[in-house]
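Remarks on the overall topology
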Amino acid sequence: MDAPTLPDLDQLDSKALKSLILSQREQLASRDAEIEHLKLLIAKLRRMEFGRSSEKRESQIEQLELRLEELEVRRRKETTTTQGSTGSTTVARPARRPFPDHLPREVRKYLPKHEACPDCGGKLKHLGEDISEILEYVPASLKVIQYVRPKLACAGCDRIVQAEAPSRPIERGMAGPGLLAHVLTSKYCDHLPLYRQSQIYARSGVELDRSTLAEWVGGSSELLAPLVEALRRHVLSAGKLHADDIPVPVLAPGLGKTKTGRLWTYVRDDRPAGDSTPAAVWFAYSPDRKGEHPQSHLRNFTGTLQADGYAGFDRVYEAGRVREAACWAHVRRKFYDLEVAHKSPVAAEALERIAELYVIEKEIRGHPPDKRREVRNTRSRPLLESLKQWLEETLGKLSRKSATAMAVRYALARWEALMRFCDDGRIEIDNNAAERALRVVALGRKNFLFAGSDGGGESAAAIYSLVGSAKLNGIDPESYLRNVLSRIADHPINRIEELLPWNVAESLKLLIHEAA
């Protein structure tokens, strides 16, 4: 909305002019107050440690961000108009942060027009200089690299000598590692389907068919398979895992219809318990949700599995090799839904009691397992025992078929597994690590609509594993993939672990520094 047009000030008497100024002040104060309120609300939502599924919370944040953006754009336009007429402005702006050191600098010098003093004609000497910076965007560009291999012939015996052709990420492929990395991160991190990427490249005058891009994705997935296998071994060698799954619509062959495949995620991340072992995530694809899939994935795993109540995991626990740790976030979510829908007093009290547990968890995050276990047994266990007693008493007062009774029974049926985090300081209170890993899939699914085939699902699992693990280790996924794809074709298979994200982190930092 444009700023309202001001009346002709010369035609207003003093009373009307004062009234106009007061009205403008009230409007500006109201708008600025709403801006500050929205900023606080967004910050509060982003700080939430638990709550309803992140998808709903992110949707709320997006709506608030759009409203905030609209208000700030309007404020800028109105400020510009006011500043142009009065020459001053009182709008506070956020402190400007310095630009990162690694960005390249282009220096442009602006010399005075005068070669001598404009007053007396005297010689000018250097006194100093003022330096200011702006941030500019250079559109992404493509370039062609020519591999030139001269042929040399022996003058005596006509023997021809020529250098071997450098290896390419995809044999006989025309894409370099940087382009492949960009296609992969655009699809799996930025959620750009291949047909949209094809349109973007066409605007740069380069025709890259969607089918060509798809071949590159499949070829890259195949090339990276040994690295993904090394990642899988690292993840499953942990003593504790987070696991979850998410549906993925897959195009069924022949009929043009979709079926529902599944992406499973297994996360190794013991940093909250003070462990320095690199965090990583491994994804696996399956064409359905049968329990045989997690059983196959975890056939060699021994330790604690933190997951939801999916029955397919039951067979994993039967042999005793794997202990179940349940998720308090799932318990809380059921009561949260009741509180939102019905303002249930039972749900409200359950939420308050569970919130007390999370306050303790926040205090001990990053502490070693023994310390966490001690604090949990001293402070959390009494709260849990009181909560169980209250749930049992409450259940007897509820209708057996009510939604509240179902939420209570869900918690009580898993009580032993829900208490396990008190016995082992390595275990988390919830399974949010796995849910965070699946967030990128949920976002991408909105744009992709469906995977092209089971093979496409397997390719997605491979790339999600690598980019997810890179993110967990604070590494830019595109830089990581570019580095790996430029090396993996010639890298010894028995040293493939050297290309795992945390093992190339230092070399990536050096490359960024040298480029700057």
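Residues numbered from 1 in each chain as written. Predicted model: local features only at pLDDT ≥ 70, side-chain atom pairs only at ≥ 80, totals over all residues. Heavy atoms only, no water.

**Describing the side chain of S186**
Let me state the cut-off plainly: Strands here are runs of E lasting at least two residues and helices are runs of H or I lasting at least four, both read from the DSSP assignment and numbered beginning at the N terminus. When accessible area is computed with a 1.4 Å probe and restricted to protein chains, residues below 20% of their type maximum are described as buried, those above 50% as exposed, and intermediate ones as partly exposed. Pairs of N or O atoms are called polar contacts if they sit within 3.5 Å, as long as, within protein, a hydrogen donor faces a hydrogen acceptor (for residues adjacent in sequence, only side-chain-to-side-chain pairs). Contacts were defined at the residue level, with two residues in contact if any of their heavy atoms lie within 4.5 Å.
Relative to the assigned elements, S186 resides in helix α3 (residues 177-188). Accessibility expressed as a relative area gives 5% for S186, which makes it buried. In this structure the side chain of S186 is engaged in a polar contact, spanning 2.7 Å, whose partner is the backbone oxygen of H182. When near neighbours in sequence (up to four residues on either side) are disregarded, S186 contacts H191, L192 and Q197.

**Comments concerning the sheet that holds strand β6 (residues 303-306)**
How we decide: By the convention used here, strands pair only if DSSP detects at least 2 bridges between them. Working convention: axes come from line fits to C-alpha atoms, limited for helices to the stretch in contact. Angles between N-to-C directions cover 0 to 180 degrees.
Read from one edge of the open sheet, five strands run β5-β4-β3-β6-β7, paired in mixed fashion. What marks the edges here is a single partner per strand, and that holds for β5 (280-286) and β7 (322-325). Across the sheet, the axes of successive neighbouring strands diverge by a mean angle of 30°, strand direction being ignored. The pairing of strand β3 (residues 240-251) with β6 spans three bridges and is classified as parallel. Its bridge partner being in β6, L241 is matched across the sheet by L305. The strands that helix α14 (residues 454-472) touches are β3, β4 (258-268) and β5; relative to β5, the one it contacts most, it runs at about 170°.

**Focus: the nonpolar core**
The following threshold applies: Side-chain atoms within 4.5 Å are what join buried Ala, Val, Leu, Ile, Met, Phe, Trp, Tyr and Cys residues into a set we call a nonpolar core.
Formed by 75 residues in total, the largest nonpolar core has its most connected members in W216, L224, L227, L305, V441, Y480 and L481. Leaving out residues up to four positions away in the same chain, L224 has contacts with I463, L466, L481, V484, L485 and I488.

**Describing the packing of aromatic side chains**
Test applied: Side-chain rings of Phe, Tyr and Trp, where Trp is taken by its six-membered ring, are said to pair if the distance between their centres is within 6.5 Å; with planes under 30 degrees apart they count as stacked, over 60 as edge-to-face, and otherwise as tilted. Ring-over charges, as used throughout, are those where CZ of Arg or NZ of Lys falls within 6 Å of the ring centre and within 35 degrees of the ring normal.
The tally for this structure, following the rule as stated, stands at seven aromatic pairs. A centroid spacing of 5.6 Å and a plane angle of 45° characterise the contact between F283 and Y464, whose relative ring orientation is tilted. In this pair, F283 sits in strand β5 while Y464 sits in helix α14, placing the two residues 181 residues apart along the sequence. There is no split in this pair, since F283 and Y464 are both buried. Here the aromatic cluster, defined as three or more aromatic residues joined through ring pairs, consists of Y188, F283 and Y464. Positioned above the aromatic ring of W282 is the side chain of R232, whose terminal nitrogen or guanidinium carbon lies 5.9 Å from the ring centre.

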